[in-house]
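# A structural walkthrough
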Amino acid sequence: MTAENSLGRLDDDDYPAYTMGRAAEMLGTTPNFLRAIGEARLITPLRSEGGHRRYSRYQLRIAARARELVDQGTPIEAACRIVILEDQLEEARRLNEEYRRAATGPGADGGA
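These lines cover the structure that appears in this document, whether it is placed above or below. Bear in mind that the values here come from a model prediction, so they are computed numbers and not experimental data. The numbering scheme is per chain: residues are counted from 1 as the chain's sequence reads. Restriction of local features to residues with pLDDT of at least 70 applies here, the model being predicted, together with a cutoff of 80 or more for giving and counting side-chain atom pairs; totals for whole chains, interfaces and linings are based on all residues. Neither water nor hydrogens contribute to the side-chain values; these are computed over all heavy atoms in the structure.

## Examining the nonpolar core
Grouped together as the largest cluster of nonpolar side chains are 19 residues, with contacts concentrated most on L34, I37, L42, I43 and Y55. Secondary-structure elements contributing two or more residues to this core are helix 2 (20–27), helix 3 (31–39), helix 4 (57–71) and helix 5 (76–104). Counting from the N terminus, the helices are the DSSP runs of H or I reaching at least four residues and the strands are the DSSP runs of E reaching at least two. At five residues, helix 4 tops the list of elements feeding residues into this core. By definition in these notes, contact holds between two residues if any of their heavy atoms fall within 4.5 Å. Among residues more than four places away in sequence, those in contact with Y55 are Y15, P16, A17, Y18, T19, M20, A23, L34, I43, P45 and L60. The criterion is simple. A nonpolar core is a set of buried Ala, Val, Leu, Ile, Met, Phe, Trp, Tyr and Cys residues joined through side-chain atoms within 4.5 Å. For every residue, the accessible area obtained with a 1.4 Å probe (protein chains only) is divided by the maximum for its type, and the residue is called buried under 20%, exposed over 50%, and partly exposed between those limits.

## Observations concerning the pattern of salt bridges
The term salt bridge refers to a side-chain nitrogen of Lys or Arg lying within 4 Å of a carboxyl oxygen of Asp or Glu. The tally for this structure, following the rule as stated, stands at ten salt bridges. In this structure, the salt-bridge partner of E25 is R22, at a minimum N-O distance of 2.9 Å. Of this pair, E25 and R22 both sit in helix 2, three residues apart, which is roughly one turn of the helix. By relative accessible area, E25 is classed as exposed at 56%. Residue E91 pairs with R94 through a salt bridge whose shortest N-O separation is 2.6 Å. Separated by three residues within a single helix, E91 and R94 lie in helix 5, roughly one turn from each other.

## A short note on the sheet that holds strand 2 (residues 46–47)
We treat two strands as partners when DSSP finds at least two bridges between them. Across the sheet, which stays open at both edges, the three strands sit in the order 1-3-2 with antiparallel pairing between neighbours. On the outer flanks of this sheet lie strand 1 (18–19) and strand 2, each paired with one strand and no other. Pairing between strand 2 and strand 3 (residues 53–55): two bridges, direction antiparallel. From the neighbouring strand, R47 faces strand 3, where its bridge partner is R53.

## Overview of helix 3
Looking only at helix 3, the buried set comprises F33, L34 and I37. For helix 3, the arc enclosing every buried residue in end-on projection is 100 degrees, short of the 170-degree limit, so these residues lie on one face. Looking at helix 3, the residues exposed on the side facing more than 90 degrees away from the buried face are N32 and E39. Those residues of helix 3 hidden inside the fold are in contact with helix 2, strand 3, helix 4 and helix 5. At the exit of helix 3 stands R41, carrying a positive phi of roughly 65 degrees. Directions pointing from the helix axis toward each C-beta atom define the arc.

## Some points on the packing of helix 3 against helix 4
With their axes 11 Å apart at the nearest point, helix 3 and helix 4 run at an angle of 100 degrees to one another. Considering the angle they form, helix 3 stands roughly perpendicular to helix 4. Here F33, L34 and I37 of helix 3 come into contact with helix 4, specifically with A63, A66, R67 and V70. In terms of residue class, the contact of helix 3 with helix 4 is built from six nonpolar, no polar and one charged. The axes used here are C-alpha line fits, helices contributing only the stretch in contact, and every angle between their N-to-C directions lies in the interval 0 to 180 degrees. Angles are sorted into four bins: roughly parallel if under 35 degrees, roughly antiparallel if over 145, roughly perpendicular if 65 to 115, and oblique for all others. Here the term charged refers only to Asp, Glu, Lys and Arg, the term nonpolar to Ala, Val, Leu, Ile, Met, Phe, Trp, Tyr, Cys and Pro, and the term polar to all other amino acids, Gly among them.

The following block contains the structure:
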């Protein structure tokens with residue numbers, strides 16, 4: 001891997017750059033919380049060659065949302081399900097908007 005490729009990954013939201021300890025520290029939580037949301041299948045961390053969990057910035061944002069819900073008293077399993085549903089809803093809205101733009105774009109009237 002070249003230095004240029006390595007630097008390009010600094011902006012990659014999906015690059016697993018954070019260890020479990022660092023991720024927990026950034027979220028203000030414990031490694032056990034990260035394990036629990038992994039067991040609930042909210043996020044699936046990648047593994048280093050040594051088998052250690054590694055988290056991406058995207059995964060940390062998802063974990064932070066789950067933590068907000070847990071801090072408000074939501075059970076962790078329910079919090080994970082809520083976050084998954086929120087993510088699915090956002091994706092459905094994004095796709096719906098794409099389809100709407102495609103349907104109203106040039107030539108969308110059927111070429112009448």
